[in-house]
Amino acid sequence: MNIQTKAYLVHLLTATGAVLAMLAMLEAVQEDWAMMFFWLVVAFGVDGIDGPLARATNIKVNAPRIDGVLLDLIIDYLTYVFIPAFALFTSGLLPGWTGWFAIIVITFTSALYFSDTRMKTADYSFAGFPGCWNMVVLVLFAVQPNFWVSLGIVVLLAVAMFVPLKFVHPVRTERWRMITLPMALGWTFFAGWAAWVSFNSDSWALWGLVVTSLWLTFAGVAQQAIYREKI
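Draft legend 1. Spotlight on the side chain of Thr-121. Tracing the chain through its elements places Thr-121 in the loop between α5 (97–114) and β1 (126–127). One polar contact links Thr-121 to Asp-123, side chain to side chain, over a distance of 2.4 Å.

As structure tokens, then:
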């Protein structure tokens, strides 16, 4: 198999995320949250491996007909933003006006962030919260805090998209990658486990999600504080 064929196969792999998004949306409409998150976690896994494969095949040179960055952003908006926002609203975790407020804030700010040409830093981290609402909403489903807490988290993270805070990329950010990458893999495992047990509050998956989420959220900020970095 030549390198051009391999490169286009990577595009096909990325495009499966659109199918996974549709499967997740169908489950969301049925309010089967466990299965919805199962498909979103699978999509998260695909998103984690297609980038390294794209770089390994030099995809921009060997498969230039398809814009892999654009394809990835389209699918990410569906799986990271649109479907999780729908689930947050429909599930009742944010009742009444709070649900409407949250989905407007999430979808609006994320659309702006995903089109920001400055979203990546020099070390391939993210400048501002990278709109990973799939991860946020899954943790909210698992923990089920008071709706004021959930609303506060949504507002803080929406604001964090546009402030000079760094959020690490688990694969591309080299500093602390030996910890961050296992944490991301652990988060994926615990997320799948939580969905499998229908977000049972007695499951150890809940604590695994909390610990890995805290690391992935604050590792970049800690790097800025320790190494006095600026974005």
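From this point, the discussion proceeds with the structure in view.
Draft legend 2. Seen up close, the nonpolar core. Grouped together as the largest cluster of nonpolar side chains are 53 residues, with contacts concentrated most on Met-36, Phe-37, Leu-88, Phe-129, Trp-133, Trp-187 and Phe-199. Of all the secondary-structure elements, those providing two or more residues to this core are α1 (3–29), α2 (33–56), α4 (68–91), α5, α6 (133–143), α7 (147–160), α8 (177–196) and α9 (205–227). Take this core: its biggest share by element is nine residues, from α6. Other than its neighbours up to four places away in sequence, Met-36 contacts Ala-24, Glu-27, Ala-28, Ile-83 and Ala-87.

Draft legend 3. How the structure looks around unusual backbone geometry. Of note in the backbone geometry, Asn-58 takes a positive phi value of approximately 50 degrees without being a glycine. Within the element layout of this structure, Asn-58 appears in the loop between α2 and α3 (59–62). Note on Asn-58: relative accessible area 41%, which makes it partly exposed. Here Phe-199, not a glycine, exhibits a phi torsion of approximately 60 degrees, which is positive.

Draft legend 4. Local environment of α7. Its 14 residues place the ends of α7 20 Å apart at the C-alpha level, agreeing with the 20 Å of an ideal helix rising 1.5 Å per residue. On its buried face, α7 sits against α4, α5, α6 and β2 (166–167). Two or three places before Trp-148, at the opening of α7, Asn-146 has a side-chain oxygen 2.7 Å from that residue's backbone nitrogen.

Definitions and cut-offs
Residues numbered from 1 in each chain as written. Predicted model: local features only at pLDDT ≥ 70, side-chain atom pairs only at ≥ 80, totals over all residues. Heavy atoms only, no water. Helix = DSSP H or I, 4+ residues; strand = E, 2+ residues; numbered from the N terminus. Polar contact = N/O pair within 3.5 Å; in protein donor to acceptor, adjacent residues only side chain to side chain. Core = buried A, V, L, I, M, F, W, Y, C linked by side-chain atoms within 4.5 Å. Buried < 20%, exposed > 50% of the residue type's maximum accessible area, 1.4 Å probe, protein only. Contact = heavy atoms within 4.5 Å. Expected span 1.5 Å × (residues − 1).

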